[in-house]
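# Residue-level structural notes
This is what each chain is made of:
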Amino acid sequence: MALFGDLNIVNTTDKRKLKNVIETAAHLGYSTVAINHVVNLQEKKQEIGKPTCVAELFTSPPTVQGKSKPIKIITRLTVVVSEASHCNELRTTSPRTRLYDLVAVHPKTEKLFHTACMTLDVDIIEIIMTEKQQFHFRRPPVNVAIDRGIVFELVYSPAIKDSTMRRYTISNSLSLMNIGKGKNIIISSGAEKVSVVCIEMSI
């Protein structure tokens, strides 16, 4: 049986809203969700903190629709990197990233994308698909990332809101899938609110 998950539920200080998104995901049949803590090191006062404590959200996580078990809630860190020095937080020696179940990187340039594919200690490479790509996906680094077990994430929520974003999302996703032959690609919501979480079979 296929298991469906959403590995990008954006963390928010509004815990009630976060709980509602997770409860909706469980109701729609998702077996696993990841609470995503996003850090942009280019911005002042941004630093990698501790992950959200799941026990503070739920004493008992909601039950997955159609199943008898509760939804699995894990933690994820996404680091937005716009210069080489930011990558230091994504080396194996960084103690702060080890606090999270999953670690993702959002590279802003082709050089940083190449670095992420080739050397960074991450689980996920997040790519913005809603605008014209500033660089072309190239097969060699993509194949290295696939061989290393890294997955590429496509986020669908912006495509729901705007037709131009939807067109770029489809075009860029097809380009990446062609380069990587459809391997190691996951689709996530990037949800900050209930309305953008979709039934898994409609994605």
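Right above here is the structure, for reference.
Residues numbered from 1 in each chain as written. Predicted model: local features only at pLDDT ≥ 70, side-chain atom pairs only at ≥ 80, totals over all residues. Heavy atoms only, no water.

Below, the discussion takes up the overall build of the chain. Helices and strands together make up the secondary structure of the chain, namely six helices and seven strands. Counting from the amino terminus, helix and strand elements in the chain follow one another as β-α-β-α-β-β-α-β-α-β-α-α-β. Compactness check: the chain gives a C-alpha radius of gyration of 17 Å against a globular reference of 17 Å for 203 residues, within 12% of the reference. Projected onto its principal axes, the C-alpha positions of the chain cover 45 × 35 × 30 Å. Relative to its 203 residues, the chain shows a buried fraction of 44%. Intrachain contacts of the chain at a sequence separation of at least 6 include 77% that bridge at least 24 residues. By element, 52% of the accessible surface of the chain is carried by carbon and sulfur atoms, the whole surface being about 11100 Å². Between the centroid of the 26 positive side chains of the chain and the centroid of its 19 negative side chains there is a distance of 2 Å. (Helix = DSSP H or I, 4+ residues; strand = E, 2+ residues; numbered from the N terminus. Rg over C-alpha atoms; globule rule 2.2 N^0.38 Å. Buried < 20%, exposed > 50% of the residue type's maximum accessible area, 1.4 Å probe, protein only. Contact = heavy atoms within 4.5 Å. Areas by Shrake-Rupley, 256 points an atom, 1.4 Å probe, with all protein chains shown as cover. Lys, Arg positive; Asp, Glu negative; His and termini not counted. Charge placed at Lys NZ, Arg CZ, Asp CG, Glu CD.)

Our next topic: the pairing of strand β7 (residues 185–188). In β7, alternate side chains face the same way, and those of I186 and S188 are buried while those of I185 and I187 on the opposite face are not. Pairing of strand β6 (residues 151–155) with β7, which is carried by four bridges, proceeds in the parallel orientation. Within β7, the position partnered with E153 by the bridge is I186. (Pairing = 2+ DSSP bridges.)

Turning our eyes to something else, we now look at the packing of helix α4 (residues 139–147) against helix α6 (residues 163–180). α6 packs onto α4 with a crossing angle of 75 degrees between their chain directions and a minimal axis gap of 9 Å. When the axes of α4 and α6 are compared, the pair comes out roughly perpendicular. Facing α4, whose interface residues are R139, V142, N143 and I146, α6 presents N178, I179 and G180. Of the residues contributing to the contact of α4 with α6, the split by class is three nonpolar, three polar and one charged. (Axes fitted to C-alpha atoms, helices over the stretch in contact; angles between N-to-C directions. Parallel < 35°, antiparallel > 145°, perpendicular 65-115°, else oblique. Nonpolar A, V, L, I, M, F, W, Y, C, P; charged D, E, K, R; others polar.)

As enumerated under the stated definition, the model contains two aromatic pairs in all. Both rings, one in F113 and one in F137, keep their centres 5.8 Å apart while their planes meet at 55 degrees; by these two values the pair is tilted. Of this pair, F113 sits in helix α3 (residues 110–118) while F137 sits in the loop between β5 (124–126) and α4, and the two are 24 residues apart along the sequence. Take F113 and F137: they sit in the same class, and that class is buried. A ring pair is formed by F113 and F152, whose centres lie 6.1 Å apart and whose planes are at 35 degrees; its orientation type is tilted. (Phe/Tyr/Trp six-rings, centres within 6.5 Å; stacked < 30°, edge-to-face > 60°.)

Moving on, we come to the sheet that holds β7. Strand order in the open sheet formed by seven strands is β1-β2-β3-β4-β5-β6-β7, with parallel pairing between adjacent strands. The open sheet has two edge strands, β1 (5–10) and β7, and neither has a second partner. In this sheet, neighbouring strand axes are inclined to one another by 30 degrees on average, regardless of whether the strands run parallel or antiparallel.

Here the focus is the pattern of salt bridges. Under the criterion given, the structure shown has three salt bridges. In this structure, the salt-bridge partner of E126 is R76, at a minimum N-O distance of 3.3 Å. Separated by 50 residues along the polypeptide, E126 in strand β5 and R76 in strand β3 (residues 72–81) bring together distant segments of the chain. No difference in accessibility class separates E126 from R76, as the two residues are buried. For E110, the salt bridge is made with R138, and the minimal N-O distance between the two is 2.8 Å. Taken together, the residues span a long stretch of sequence, with E110 in helix α3 and R138 in the loop between β5 and α4 at a distance of 28 residues. Given the relative accessible area of 31%, E110 is considered partly exposed. If you follow the salt bridges from partner to partner, you end up with R76, E126 and E153 in one network. (Salt bridge = Lys/Arg side-chain N within 4 Å of Asp/Glu carboxyl O.)

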